[in-house]
Amino acid sequence: MRIRAHVPTAVRAVAWGLVGLALGGLVGFEVHAISQQGAQNQFIAVGMAAGAALAVAAAFYRNAFRLESLQLWSGPGSTVTIRFDGDKRMLATKLFHEAADRIIAQPLVNGHGSIRAASDSLYAWITFRREETRPAGPAKARLEGVDTVDHYSSDLLNKVIRPFTTKWHYELTWYADHHPDQHEALWPFNDEFRYDLKVLQYEARPYLEGLAKVAGVSRPQAFLGPPPSLPAPLPDTHLPWHENPARLAPPGTSPEEVTDRQSGTVPRPATTSPETGTED
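Notes on the structure follow. Everything quoted here is computed from the prediction, not taken from an experiment. (Residues numbered from 1 in each chain as written. Predicted model: local features only at pLDDT ≥ 70, side-chain atom pairs only at ≥ 80, totals over all residues. Heavy atoms only, no water.)

1. Topic: the overall build of the protein
Rules: The numbering of helices and of strands both runs from the N terminus, where a helix is a DSSP run of H or I of at least 4 residues and a strand a run of E of at least 2. For each residue, the accessible area found with a 1.4 Å probe, counting protein chains only, is set against the maximum for its type, and the residue is called buried under 20%, exposed over 50%, and partly exposed in between. The contact rule is simple, with two residues in contact once any of their heavy atoms fall within 4.5 Å. Per-residue and other accessible areas follow the Shrake-Rupley method at a 1.4 Å probe size, with only the shown protein chains counted as cover for residues.
When you go through the protein residue by residue, the secondary structure sums to eight helices and three strands. Expressed as a percentage of the 280 residues in the protein, the buried residues total 36%. Taking all contacts inside the protein whose residues are at least 6 apart in sequence as the whole, residues at least 24 apart take part in 66%. Counting only carbon and sulfur atoms, one obtains 59% of the accessible surface of the protein, whose full area is about 16300 Å².

2. Here we look at the packing of aromatic side chains
When we look at a pair of aromatic rings, we describe it by the centre distance and by the angle of the planes. For clarity, the cut-off: The pairing test for Phe, Tyr and Trp rings, Trp by its six-membered ring, is centres within 6.5 Å, and the orientation test on the planes gives stacked under 30 degrees, edge-to-face over 60, and tilted for anything in between.
With the rule as written, the count across this model stands at nine aromatic pairs. Measuring from centroid to centroid gives 5.9 Å for W168 and F189, while their planes differ by 45°, and the two rings are tilted. Remark: F189 occurs in the loop between helix 6 (149-178) and helix 7 (190-215) and W168 occurs in helix 6; sequence separation between them is 21 residues. The class for W168 is buried, based on a relative accessible area of 1%. On the basis of relative accessibility, which here comes to 2%, the residue F189 falls in the buried class. Ring plane angle 45° and centroid distance 6.3 Å describe the contact between Y175 and W187, whose orientation is recorded as tilted. Of this pair, Y175 sits in helix 6 while W187 is found in the loop between helix 6 and helix 7, placing the two residues 12 residues apart along the sequence. Just as Y175 is buried, W187 falls in that class too.

3. Focus: the nonpolar core
To be explicit about the condition: Side-chain atoms within 4.5 Å are what join buried Ala, Val, Leu, Ile, Met, Phe, Trp, Tyr and Cys residues into a set we call a nonpolar core.
Among the nonpolar cores identified, the biggest contains 45 residues, and V149 and I161 are the most heavily contacted of them. Once residues within four sequence positions are removed from consideration, I161 is found in contact with I104, L122, W125, I126, L156 and L200.

4. As for the side chain of D85
Threshold: Note on charges: Lys and Arg go in the positive column, Asp and Glu in the negative column, and His and the chain ends are not counted at all. Note on definitions: salt bridges are taken to be side-chain nitrogens of Lys or Arg within 4 Å of carboxyl oxygens of Asp or Glu. Any pair of nitrogen or oxygen atoms within 3.5 Å is treated as a polar contact; in protein, a donor-acceptor pairing is required on top of that, and neighbouring residues in sequence qualify only through side-chain atoms on both sides.
You can see D85 is positioned in the loop between strand 2 (78-84) and helix 4 (86-100). Of the side chains with opposite charge, K88 comes closest to the buried, unpaired D85, at an N-O distance of 6.4 Å. Looking at D85, its side chain comes within polar contact range of the main-chain nitrogen of D87, at 3.2 Å.

5. Some remarks on the pairing of strand 1 (residues 68-75)
Here is the rule: For two strands to be treated as a pair, DSSP must find no fewer than two bridges joining them.
Pairing of strand 1 with strand 2, which is carried by seven bridges, proceeds in the antiparallel orientation. Bridge assignment links W73 to a residue of strand 2, and that residue is T79.

6. A look at helix 5 (residues 115-133)
Our working definition: Here the expected span of a helix is defined as 1.5 Å times the quantity of residues minus one.
Across its 19 residues, helix 5 extends 27 Å between first and last C-alpha, which sits within 8% of the 27 Å expected from 1.5 Å per residue. Listed in full, the buried residues belonging to helix 5 are I115, A118, S119, S121, L122, Y123, W125, I126, F128, R129 and T133. In this fold, the buried residues of helix 5 make contact with helix 4, helix 6 and helix 7. One side-chain oxygen of the residue at the start of helix 5 lies 3.3 Å from the amide nitrogen of R116, identifying that residue as S114.

7. With respect to the packing of helix 4 against helix 6
The axes of two packed helices give the description: the angle between them and the distance between them. Selection criterion: A fitted line through C-alpha atoms represents every axis, and for helices the fit uses only the stretch in contact; the resulting angles, taken between N-to-C directions, go from 0 to 180 degrees. Roughly parallel covers angles under 35 degrees, roughly antiparallel covers those over 145, roughly perpendicular covers 65 to 115, and oblique covers all other angles. Amino acid classes used here: Ala, Val, Leu, Ile, Met, Phe, Trp, Tyr, Cys and Pro are nonpolar; Asp, Glu, Lys and Arg are charged; the rest, including Gly, are polar.
Running from amino to carboxyl end, helix 4 crosses helix 6 at an angle of 25°, the nearest separation of the two axes being 10 Å. As far as their axial angle goes, helix 6 and helix 4 are roughly parallel. Counted together, K88, L91, A92 and L95 of helix 4 and V149, D150 and S153 of helix 6 form the full contact between these two elements. When the residues that make up the contact of helix 4 with helix 6 are grouped by side-chain class, the tally is four nonpolar, one polar and two charged.

8. Points about the pattern of salt bridges
The tally for this structure, following the rule as stated, stands at seven salt bridges. Because the salt bridges share partners, they merge into one network encompassing K167, E192 and D196.

Shape is all these values report; function is a separate question.
Here it is as structure tokens:
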């Protein structure tokens, strides 16, 4: 089974073909030896060899070449058909288990844990997905209403994870760079970051359960934990991220000094995004 986990279907087909040639030669040799003993034994041996060869071929086809289809959740009130073979089933397995161990699926308890580590955990899954999907080359163009595992995981990334990282990577990096001596709990957007993370986990859960179906995981909750609930809105007294003066304040400036400033007038150094390797 290790060969399935590391090489594509075409390579496995060649390998199994060589194995088949070797086994066929061995069976032929044995049949020749048995044929010297009588016709009855010869036919029995040939029948057993043919049956075994057909069984191996059928099992290999079922696990590697045969395309399967599943209908999975793709948004409120909508589904998408996913088509996959043995390789894509293995890809779904890897993506699911990698996500199940990370902050995409595991809760960050209020007042505990590190928001920096949570951000790094998201980027680690993004990097893992990119490394796992890149060797297979570009996914086939999606048909209308039909996706691949590559497309499905891309939807999870672009619809759920990327909006979060786009919003918070810049702010969290800027704060850490300019307030190296302050604990992250003092970051003005700590509560809002944690709230958005809970929303991300809530929205990502159906995608993770979809990957589990493709992977054949019978009890995804054993890995993901109980289904998360949509968090209650932040209090009305909470100042939204885009209105918070702290977002505009350069180092050493109090919020009061920038309350009347126009949004976006304070320059900040560019940071490099781990997602794309480009500057934000």
